[in-house]
Each structure stands twice: as C-alpha cells, then as structure tokens.
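Chain by chain, the residues:
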Amino acid sequence: MGQATPYREAMESERQDQAGKRVHVPQMPAERVEQIRRWHARAYREARAALQQEQTFAYLGRTIVVPPQVMPITPVSHLLGEAVLAEVGAQDRVLDMGTGSGVNAVLAAASGADVLAVDINPHALAAARSNAVRNGVAARVTVRHSDVFEFVDGVFDVMVFDPPFRWFAPRDLLEAATTDENYGAMTRFFNQARDYLKPGGRLLVFFGSSGDLEYLHRLIEASGFHRTVLARHAIVKDGQQVDYVALRLAVAGHVAS
Ligand SMILES: C[S@@+](CC[C@H](N)C(=O)[O-])C[C@H]1O[C@@H](n2cnc3c(N)ncnc32)[C@H](O)[C@@H]1O
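Residues numbered from 1 in each chain as written. Predicted model: local features only at pLDDT ≥ 70, side-chain atom pairs only at ≥ 80, totals over all residues.

Turning our attention to the sheet that holds strand β6 (residues 114-119). Read from one edge of the open sheet, seven strands run β7-β6-β5-β8-β9-β11-β10, paired in mixed fashion. Here the strands that pair on one side only, and so sit at the sheet edges, are β7 (141-145) and β10 (225-237). Neighbour-to-neighbour, the strand axes of the sheet open up by a mean angle of 15°, direction not taken into account. With five bridges connecting them, strand β8 (residues 156-161) and strand β9 (residues 197-208) associate as parallel partners. The residue bridging valine 160 from the neighbouring strand is leucine 204, located in β9. (Pairing = 2+ DSSP bridges. Helix = DSSP H or I, 4+ residues; strand = E, 2+ residues; numbered from the N terminus. Axes fitted to C-alpha atoms, helices over the stretch in contact; angles between N-to-C directions.)

As structure tokens, then:
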C-alpha cells in the first residue's frame with residue numbers, strides 16, 4: 001500500500017526542468033495563464049489581509065468555524081458539500097483528502113460514515129478536530145497529518161478531494177490551500193487513488209477552470225476513472241467565464257452503484 005501505481009504514462013502537460021524536476025505545462029492559452037496568475041495574486045492578497053479573522057459559517061445544517069490559515073467555505077463549496085450528502089451512506093468508510101476546516105468530513109460523518117480526514121496544514125487539522133466536536137461527530141472522524149497518502153491506511157468506499165486549483169509554488173500554508181506546485185500533490189493523488197478504493201468505490205472531486213481543468217480531466221482519464229458531472233456553476237470574473245464542477249469518479253466498468 002502507498003506505492004505509486006503506474007496507471008499513466010507521462011503526459012504532454014508536463015516536462016522536466018534541468019534538475020529533472022517535473023514541471024506542469026498548462027493546457028490553455030498564455031493569456032488565460034496570465035489571467036489566472038492575476039486572480040491568484042489578488043486572492044492571496046485578500047486572504048492575507050483577512051488573516052486575523054476567524055470565520056463562522058452556517059453551512060448545510062452544520063456550524064463550521066474556520067481559523068486564519070485555513071481555507072474558508074466559499075460561495076461554491078456547496079456543489080461538493082451537497083454531493084457528499086447525496087453520495088455518502090452510513091456504512092461507508094470515507095477519506096477526506098485535504099480536509100481544511102473538516103467541512104466535508106463533518107458532512108460525511110453526519111451521514112453516519114467513518115471518516116479519515118487528512119491535511120498537511122496543522123491549523124487545518126486543529127480546525128477539523130474542533131469542527132467534528134462542535135457538530136457531534138468526533139467519534140466517527142479521525143484527523144491525521146498526511147502528505148497525500150503518506151499516512152493513509154486501508155481502503156475506502158468514498159474519497160473526497162477539493163484540491164488546490166493552481167499549479168504555482170506556494171509561499172506558505174495559507175497559499176498551499178489554493179496552489180500546489182506543478183500539481184505535484186494532485187498528480188500523486190491520482191497516481192495512487194485506485195490503490196485506496198474498495199471495489200465499486202467512488203471519488204468526489206471539486207475543481208474549477210480558474211485552474212487547469214483540462215489537466216485534471218487528463219489525470220482522471222489516465223488513472224482509469226469514468227467521470228460524471230454532478231453539479232456545475234459558472235460565474236463571470238473580470239469578463240471571463242469560470243466554471244466550477246463537482247465530479248463523481250468511478251473506475252471504468254464499476255460506474256453504476
Ligand atoms: C482547496 S483546500 C480544500 C479544503 C476543504 N476540503 C474544503 O473543501 O473547504 C485544499 C486543502 O488541501 C490541503 N493540501 C494541500 N496540499 C496537500 C497535500 N500534499 N496533502 C494533503 N493535503 C494537502 C490544503 O492544506 C488545503 O486544506
């Protein structure tokens with residue numbers, strides 16, 4: 001368990017730099033890349049400015065408190081949250097990858113599932129533990145530090161992942177919630193995900209076209225998953241459309257359940 005499985009060949013969306021490091025090649029026109037850099041810089045400035053503030057959200061019937069340094073609930077979070085509520089059953093074992101405030105771990109546990117919630121951000125781990133207690137589901141939620149699958153054990157019926165959308169290098173833990181250098185973590189996740197899924201297991205994934213959605217689609221395909229769009233929402237930002245999608249993935253051949 002935990003060994004990368006070679007489901008995919010190198011894609012044209014990556015190259016190696018002189019030191020042999022994998023470098024992400026965005027699957028979009030250069031102007032879109034520049035627009036995404038500007039959006040990212042603005043979002044990071046705004047997040048830094050709000051750094052002293054703890055926020056409390058009434059969200060899908062739960063109360064979620066999000067400290068500074070942790071990804072807040074956003075106006076499109078419910079696309080994934082509602083998918084979790086619809087998909088997860090009381091018998092399920094669920095992995096919440098990159099749990100942040102623990103919001104999706106709390107929703108899954110509120111449906112009766114046993115949940116392992118992991119993140120690399122210690123502030124997120126503390127928040128996820130507090131939110132599990134606050135919502136009366138702590139007995140069903142285990143919170144653990146793990147860099148992707150590093151400290152994940154066993155297999156799961158459902159895995160939930162809302163990965164950082166961007167591929168730039170993060171400067172700190174706050175920024176690591178929204179950007180993953182060269183999509184290293186997201187790529188490792190998809191390389192290994194099938195090893196941690198029970199037969200008939202499903203992935204719920206949230207992403208947006210303010211990241212490289214085309215690259216995500218290629219990773220999904222290369223990992224042998226079939227993708228269904230559960231929910232979609234479009235907004236217009238600075239005159240450009242941004243699409244957000246909640247996806248349900250299942251190993252091709254295990255689509256129905
Ligand atoms: C976009 S946030 C999503 C947070 C939460 N799941 C939600 O929906 O609000 C991405 C999360 O992934 C975490 N993360 C980033 N890199 C990671 C890695 N290598 N392993 C585990 N978690 C990671 C970040 O710390 C952050 O909490």
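Structure shown, so let's carry the discussion forward.
On to the packing of helix α2 (residues 78-87) against helix α3 (residues 103-110), then. Interaxial distance between α2 and α3 falls to 9 Å at its minimum, and their mutual angle equals 25°. Viewed along their axes, α2 and α3 adopt a mutual orientation that is roughly parallel. Pair α2 / α3 crosses with right-handed handedness. Within the contact between the two elements, α2 uses Leu80, Gly81, Val84 and Leu85 and α3 uses Val103, Asn104, Leu107 and Ala108. Here the contact of α2 with α3 is built from residues that sort into six nonpolar, two polar and no charged. (Parallel < 35°, antiparallel > 145°, perpendicular 65-115°, else oblique. Left-handed = near helix turned anticlockwise from the far one by under 90°. Contact = placed C-beta atoms within 7 Å. Nonpolar A, V, L, I, M, F, W, Y, C, P; charged D, E, K, R; others polar.)

As recorded in UniProt, the feature "domain: Methyltransferase small" (unreviewed entry) lies at residues 79-208. Note that residues 79-208 is 30% helix and 26% strand, and that its end C-alpha atoms are spaced 11 Å apart. (UniProt positions renumbered as here; feature names shortened; annotations may be inferred.)

For aspartate 195, the location among the structural elements is in the loop between α5 (184-192) and β9. Sequence separation between aspartate 195 and valine 155 is 40 residues; the distance between their C-alpha atoms is 7.6 Å.

Here the focus is α3. In terms of residue burial, α3 counts as a mostly covered element, since eight of its eight residues are buried. Listed in full, the buried residues belonging to α3 are Val103, Asn104, Ala105, Val106, Leu107, Ala108, Ala109 and Ala110. Backbone geometry just downstream of α3 places glycine 112 in the positive-phi region, at approximately 100°. (Buried ≥ 20, exposed ≤ 12 C-beta atoms within 10 Å, placed from the backbone.)

This next bit is on the pairing of strand β3 (residues 55-59). In this structure, β3 lies alongside strand β4 (residues 62-66), joined through five bridges in antiparallel fashion. Directly across from glutamine 55, in β4, lies its bridge partner valine 66. Joining the antiparallel neighbours β3 and β4 is a turn of two residues, in which leucine 60 adopts a positive phi near 45°.

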